[in-house]
Amino acid sequence: MTIRLRHALPAALTVVLLGAPAARAGGMPTYAARAVLGLGLGITDPRSLVATDLDGDGRTDLVAGDRNGDAGRLSVLRGLGGGSFGTPLGSPFDPGVAGAGVGAIAAGDLNGDGHPDVLATLASGTTDGDVVLMAGDGTGRLTADAGGPLAVGPQLTGIALADLGADGDLDALTSHLAATDVAQLSPILNGGPAGLTVGATTGATGTGLAVGLATGQIDGSGGPDALVAGRDGGAGSAWIATSAGTTMTAGTPVAVGADPAAVALADLDGDGHLDGLVLDRSAPTLTVLHNDGTGVLTPTEITVTGLTTGTGLAIGDLDADGNADVAVTDGPGAAVGVLLGDGAGRFGPATWQTTGAGPRSPVIADLTGDGVPDLATADAGSSTISLLRGTSAPDPHGELTGAFGTQAVGRTGEAHAVTITNAGPAMLAVQGVSVTGAAADDFLITHDDCTGATVASGGGAACTVRVRFVPSAAGTRTAALRLRLPGGATFDVALSGTGAAAEPAATGTDGGDTTATTTPAATTTTTTPTSTPAAAPARKATTHANAKAAPKRLVLTLSATKLTLVSGKRLNVGLALGRAAKVVLRVKQNGRTVDLLRTTAREGRSTITWDGTLGRVAAPAGTYRLDVYAVAADGHAARASAVLTVRP
């Protein structure tokens, strides 16, 4: 694999100050004031921080690596939910090597027992260049591997995990602040029961002093690769090492800022290829390495507003728009900055949050269990962890396509789409959809891809619910499409339509001794056989016709109000009507219509048969509600309900 050098070392890069990407519909993420998390009695100088679920309870835990005056420890903070953390018995945990502080750490299941472990570098003090496997037991406790430390190489600066051998066992790669180019990257091979061994080292020709690395598939060949950054001779560089099995081969370096501090990988421009990011320590810059998918990197350096000294870098989606965002720590500034990405490899200006003194190793994760990303930093100068709880909220919007308008009572109108979008800087999670309000039964949900969906911010993503209007009475009918959101929150979209009564049927001859006749010229009344003056029978005919047109209340009764059905069988619903009418049967579950039937029933007793299926699948066991609506020709309506229990 070859990386084409776009800027010959040590040529300076073009520096571009990027303003905010095109106006953001989702807004900026927000955070609560810093919460301070202690690491344990006597623990000082945390240098590294990772997030993982050590105890398997579904909540994110934190593990910090502490230099602690060359008596390094690993502090575990177990997530308890809601931003609270506890410490397991025995924390902080001793790696079992005297005179060494803990540097970079990585978490993953290295011994194959199903529980995350921690691989810690010992990068300071009298012992330098060892790696220790701290085995997790699934409760949050860590125990140093009985085999003791593994000697890897001097001046360890970074560690990352990857399955180099494609055998299902996690291996590791370490970076080294070595002056010799071939000694900058070391593979640690996992032999399963045989334990860990060190493979052949490598490095890019003409480079040295690697400060960190990140792993991922970069060159499109399928195996894991590594992106390594170094600062040899004041000319910063980044280079890719590709894997062929467990053998790593270094490519040609690309120029980055002169003093790299941290490196990361992510798809920054949405093309499906991992791009690189390198944070500079001495200058307020961040180098974006655009990857063409084959490992050819094109660097662009941007200015990070407000940064004094870069100490750490993390990538994640902080505003729920699906694009990669960046968090950088500023050691002297005691702050963490957020730069929002636009999905095209560009970033807006940094916004800063206060941390403890000397922050580094930022983490982006949901540490409170509310679905909103939080920030955490290891504060070396304060000997604590800073937790910045994300307080961003979604901002749902609903738009109805077209109006329901006027619909004849008892008839079903066309489906109209309700499109749900999200203008807030947090993910919109929809837990359920229903219709509520005064005329909820008149609006039928016929399609729903919102329930269980998460809608990204920015307004570009959406989910859709389709609704049909089936008025059960004349006049204005109103309801609301209700979205059920986490934490008991709801969001309503107004629904409104007009029910139109059916035209009364023509009455014809009323059976008396007069007949009303209409001619084009005028309305006259003819009586036979009497010679009574015309006015008298006219009054009699009008009075009689009005009496005949006066509608009667429609009577509807069900034969039973509690019904039982075996799943997969048919159900006969018996009813009685005072006169012929159109009938609608709605089958509901949890307040939502799941099936609908229409028929015409005669005066007297009749039966509606439901096939017992929802779509093509037998209705599952549970409790249902049956609502029967009847509408007579004169517009009068009636309703009756029953409870249906479906058994397996």
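This is a predicted model, so every value here is computed, not measured. (Residues numbered from 1 in each chain as written. Predicted model: local features only at pLDDT ≥ 70, side-chain atom pairs only at ≥ 80, totals over all residues. Heavy atoms only, no water.)

Describing the pattern of salt bridges
Throughout the structure, instances matching the rule amount to 17 salt bridges. Ionic pairing is found between Asp94 and Arg73, a salt bridge with its closest N-O pair at 3.6 Å. Here Arg73 lies in strand β5 (residues 73–81) and Asp94 lies in the loop between β6 (84–86) and β7 (100–108), a separation of 21 residues in the sequence. Between Arg389 and Asp370 there is a salt bridge, with the nearest N and O atoms lying 3.7 Å from each other. Of the two residues, Arg389 is situated in the loop between β31 (384–388) and β32 (396–400) and Asp370 in the loop between β29 (359–365) and β30 (374–379); the sequence distance between them amounts to 19 residues. We classify Arg389 as partly exposed; its relative accessible area is 32%. (Salt bridge = Lys/Arg side-chain N within 4 Å of Asp/Glu carboxyl O. Helix = DSSP H or I, 4+ residues; strand = E, 2+ residues; numbered from the N terminus. Buried < 20%, exposed > 50% of the residue type's maximum accessible area, 1.4 Å probe, protein only.)

Notes on the state of the cysteines
Counted under the stated rule, the structure contains one disulfide. Between Cys450 and Cys463 runs a disulfide, and the two sulfur atoms are separated by 2.1 Å. Because the torsion about its S-S bond is 100°, the bridge between Cys450 and Cys463 counts as right-handed. Of the two residues, Cys450 sits in the loop between β37 (443–448) and β38 (454–455) while Cys463 sits in strand β39 (residues 463–469), which places them 13 residues apart along the sequence. (Disulfide = S-S within 2.5 Å.)

Some thoughts on the layout of surface pockets
By volume, the largest pocket amounts to about 1500 Å³. Along its surface, the largest pocket is lined by 47 residues, and Ser48, Ala104, Thr157, Gly158 and Ser361 are the ones closest to its centre. When the residues that make up the lining of the largest pocket are grouped by side-chain class, the tally is 28 nonpolar, 13 polar and six charged. (1 Å grid on protein atoms, 1.4 Å probe; cavity = no way out; pocket = protein on both sides within 12 Å on 5 of 7 lines; lining within 4 Å. Points joined across faces, edges and corners; volume = space filled by probe spheres on them. Nonpolar A, V, L, I, M, F, W, Y, C, P; charged D, E, K, R; others polar.)

Re empty space enclosed by the protein
In this structure the tally under the stated criterion is two cavities of 30 Å³ or more. Taken as a whole, the largest cavity holds about 60 Å³ of empty space. Together, Gly410, Asp441, Asp442, Val470, Pro471, Ser472, Val584, Arg586, Tyr629 and Val631 line the largest cavity. Where the lining of the largest cavity is concerned, the elements lending two or more residues are β47 (581–589) and β52 (622–631). The residue inventory of the lining of the largest cavity, partitioned by class, reads five nonpolar, two polar and three charged.

Quick notes on the sheet that holds strand β40 (residues 475–484)
Spatially, the four strands line up as an open sheet ordered β33-β41-β40-β36, and their pairing is mixed. In this open sheet, the two strands that pair with only one neighbour each are β33 (406–408) and β36 (432–436). Direction aside, neighbouring strands of the sheet carry axes that sit 35° apart on average. In this sheet, β40 lies alongside β36 in antiparallel orientation, the contact comprising five bridges. Residue pairing in the sheet places Gly432 in a bridge with Arg484 of β40. (Pairing = 2+ DSSP bridges. Axes fitted to C-alpha atoms, helices over the stretch in contact; angles between N-to-C directions.)

Here's the deal with the sheet that holds strand β53 (residues 637–647)
The strand order across the open sheet formed by five strands is β45-β53-β52-β47-β48, and the pairing between neighbours is mixed. A strand with exactly one partner marks an edge of an open sheet, and here the two such strands are β45 (562–566) and β48 (592–601). In this sheet, neighbouring strand axes are inclined to one another by 25° on average, regardless of whether the strands run parallel or antiparallel.

Structural notes on unusual backbone geometry
Going from Ser91 to Pro92, the amide bond is cis rather than trans, its omega being 5°. Relative to the elements of secondary structure, Pro92 occurs in the loop between β6 and β7. One non-glycine residue with positive phi stands out, namely Ala166, at about 55°. Relative to the helices and strands, Ala166 is located in the loop between β12 (156–162) and β13 (171–176). You can call Ala166 exposed: its relative accessible area is 69%. You will see that Ser383, though not glycine, has its phi angle at about 60°, which is positive. Within the element layout of this structure, Ser383 appears in the loop between β30 and β31.

Here's the deal with the packing of aromatic side chains
Counted according to the given criterion, the structure contains three aromatic pairs. Taking the centre distance of 5.3 Å and the plane angle of 65° together, the rings of Phe404 and Phe443 count as edge-to-face. Here Phe404 is found in the loop between β32 and β33, whereas its partner Phe443 is found in strand β37, with 39 residues between them in sequence. Looking at Phe443, the relative accessible area reads 2%, which means it is buried. An aromatic cluster of three or more residues is present, and its members are Phe404, Phe443 and Phe469. (Phe/Tyr/Trp six-rings, centres within 6.5 Å; stacked < 30°, edge-to-face > 60°.)

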